[in-house]
Amino acid sequence: EDEAEGVEMNMIHLPSRGEKENVEEKEIMDGDDNIHVLKAWRNYINETEEILKDVVLEELHLSCNLDTFYNNFIADDAAHSIPSFQKDNIGDYDIEVTSWQKTENEDGNEIKYRKSGATSDKIRTVTFTHPLSHTMGPSSAKTKKVHRFQRFGSHGSCLEIRTNCYGIPAADCFYLEERWLFESKNTSSSNDNGDEEKEGGITMRCKLQIYYVKSTMFRGFIDKNTKAECKSWCEEYGKMLQKSLQSEAEPTSSAPSPSTTEQHLHNIQGVEKKYTLCGINISKEVLLSIILVLMLASTLLVGFCLFLHSKVKTLE
């Protein structure tokens, strides 16, 4: 039952050739398209398919290259970073993130790193508090994620995530490993007419595996809820990626065209003015109808009061 026995995460630092210390994702070896890097990338994909069984995100196409993806979503100063997504979309708080650092196999490291053949290899740590919506148990969980980002030249890249939770039942019995695969699709092919077609962008796939280091009676509950939450998380993250890339790809104009301006004015003129009554938005016609009904009701009430007054006088 102990699935974690003998399992080590596939993590190692492979030094680049003659690069500067402050270079970020440009850490690519000379001749990165050689057969060795391609073979390392294929081996990495095959290994991922073999050891991580659960798919949480099917193939998602992104209209950008590997460099753009890293700069916009992975780098320390990324405009749409994962920690910002956690805060704005997931609701995580108390988030602390370390800067990306080259992997080092120092004594005492929590995770052992081994050679993968990547041309760039770096790690960072993200700690945060994650809100829980379960009917029973704690309302939040302290969480630690170790991110490892590897680049395989122009062929692809991968983000490995190891997650440990604290302060929840059986938290010391398991950990979660995810791998997000980003594969370049800058290839050419021929269609039925013999014309050359080019496929650009990258594809993203996410897989995970839950490893148990101790036996626990909550295993079924952990499996079900963890897989469902990771699937929902990745689907929302994929939507954010596509929306961000689409907004950046849309051209911006300094002034609207005459036709656009005319249409905007037409829309404004055609908008019916709304009034608020007791917190309810109503139209002008409805408001006038209500006023008329109230006036009629007031008239009838006054008439009824006069009638009663006259009856009382008569009885006296």
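Residues numbered from 1 in each chain as written. Predicted model: local features only at pLDDT ≥ 70, side-chain atom pairs only at ≥ 80, totals over all residues. Heavy atoms only, no water.

Novice: Give a description of the nonpolar core that names residues and reports values.
Specialist: Among the nonpolar cores identified, the biggest contains 37 residues, and L62, F69, I74, L159, W180, M204 and Y237 are the most heavily contacted of them. Breaking this core down by element, the ones donating at least two residues are β1 (54–62), α2 (66–74), α3 (82–90), β6 (156–166), β7 (174–184), β10 (202–212) and α4 (219–249). No other element matches the eight residues that α4 contributes to this core. Not counting the four nearest positions on each side in its chain, F69 is found in contact with L62, C64, I74, F182, I202, Y237 and L241. Residues I45, A118, F152 and C158 belong to the second largest nonpolar core, which totals nine residues. (Core = buried A, V, L, I, M, F, W, Y, C linked by side-chain atoms within 4.5 Å. Buried < 20%, exposed > 50% of the residue type's maximum accessible area, 1.4 Å probe, protein only. Helix = DSSP H or I, 4+ residues; strand = E, 2+ residues; numbered from the N terminus. Contact = heavy atoms within 4.5 Å.)

Novice: Can you lay out the side chain of S81 for me, pointing to particular residues and giving the numbers?
Specialist: Inspection of the secondary structure assignment puts S81 in the loop between α2 and α3. Look past the residues within four positions of S81 in its chain and what remains in contact with it is N72 and F73.

Novice: Just give me the short version of a nonpolar patch on the surface, but keep the residues and values in it.
Specialist: A cluster of nonpolar residues, L288, I291, L292 and M295, forms a patch on the protein surface that exposes about 400 Å² of accessible area. Within the fold, L292 resides in helix α6 (residues 284–315). (Patch = residues over 30% accessible without salt bridge, like charges linked within 9 Å, V, L, I, M, F, W, Y side chains within 5 Å. Areas by Shrake-Rupley, 256 points an atom, 1.4 Å probe, with all protein chains shown as cover. Salt bridge = Lys/Arg side-chain N within 4 Å of Asp/Glu carboxyl O.)

Novice: A description of the packing of aromatic side chains should follow, citing residues and the corresponding values.
Specialist: Summed over the entire model, instances satisfying the criterion amount to 14 aromatic pairs. For the pair W180 and W233, a centre-to-centre distance of 5.8 Å together with 45° between the ring planes defines the contact as tilted. On the criterion of sequence distance, the pair formed by W180 in strand β7 and W233 in helix α4 is long-range, its members being 53 residues apart. Their ring planes at 40° and their centres at 5.1 Å tell us that W180 and Y237 sit as a pair that is tilted. (Phe/Tyr/Trp six-rings, centres within 6.5 Å; stacked < 30°, edge-to-face > 60°.)

Novice: Describe in detail helix α1 (residues 35–51), supporting the description with residues and values.
Specialist: The end-to-end C-alpha separation of α1 is 24 Å, in line with the 24 Å expected for 17 residues at 1.5 Å each. Residues of α1 that are buried: V37, A40, W41, Y44, I45, E47 and T48. Buried positions in α1, seen along its axis, are confined to an arc of 165° and lie on one side of it. Pointing more than 90 degrees away from the buried face of α1 are the exposed residues I35, H36, K39 and E50. Considering only its buried residues, α1 is in contact with β5 (140–152), β6, β7 and β10. (Expected span 1.5 Å × (residues − 1). Arc of directions from axis to C-beta.)

Novice: Help me get a handle on the packing of α2 against α4, residues and values and all.
Specialist: The N-to-C vectors of α2 and α4 enclose an angle of 110°; their axes lie 12 Å apart at closest approach. Classified by the angle between their axes, α2 and α4 sit roughly perpendicular to one another. Classified by chirality, the crossing of α4 by α2 is right-handed. Packed against α2, whose contacting residues are F69, N72 and F73, the element α4 presents Y237, M240, L241, S244, L245 and E248 at the interface. Among the residues making up the contact of α2 with α4, the classes are represented as six nonpolar, two polar and one charged. (Axes fitted to C-alpha atoms, helices over the stretch in contact; angles between N-to-C directions. Parallel < 35°, antiparallel > 145°, perpendicular 65-115°, else oblique. Left-handed = near helix turned anticlockwise from the far one by under 90°. Nonpolar A, V, L, I, M, F, W, Y, C, P; charged D, E, K, R; others polar.)

Novice: I'd like a description of the pattern of salt bridges, backed by residues and values.
Specialist: As enumerated under the stated definition, the model contains 14 salt bridges in all. One salt bridge connects K227 with D54, and the closest N-O pair in it is separated by 3.5 Å. One end of the pair, K227, is in helix α4; the other, D54, is in strand β1, and 173 residues separate them in sequence. D54 gets classed as partly exposed once you look at its relative accessible area, which sits at 22%. A salt bridge links R148 to D121; the shortest N-O distance between them is 2.4 Å. Highlighted residues: R148 in strand β5 and D121 in strand β4 (residues 120–131), separated in sequence by 27 residues. Note on D121: relative accessible area 2%, which makes it buried.

Novice: So what about the environment of K231? Which residues, and what values?
Specialist: Checked against the element boundaries, K231 lands in helix α4. The spatial distance from the C-alpha of K231 to the C-alpha of K207 is 9.5 Å, given a sequence separation of 24 residues.

Novice: Help me get a handle on unusual backbone geometry, residues and values and all.
Specialist: Outside of glycine, negative phi angles account for most residues, and trans bonds account for most peptide bonds. Phi angles above zero are rare outside glycine, and D94 is one such case at about 55°. Tracing the backbone shows D94 in strand β2 (residues 93–97). Classification of D94 by relative accessible area gives exposed; the value is 51%. At A170, a position not held by glycine, the phi torsion is positive, near 65°. Its relative accessible area of 15% is what places A170 among the buried residues.

Novice: Describe the environment of A118, listing the residues and the values that go with them.
Specialist: With respect to the element layout, A118 can be found in the loop between β3 (101–102) and β4. The buried category is assigned to A118, whose relative accessible area is 1%. Taking the C-alpha atoms as reference points, A118 and C158, separated by 40 residues in sequence, lie 9.7 Å from one another.

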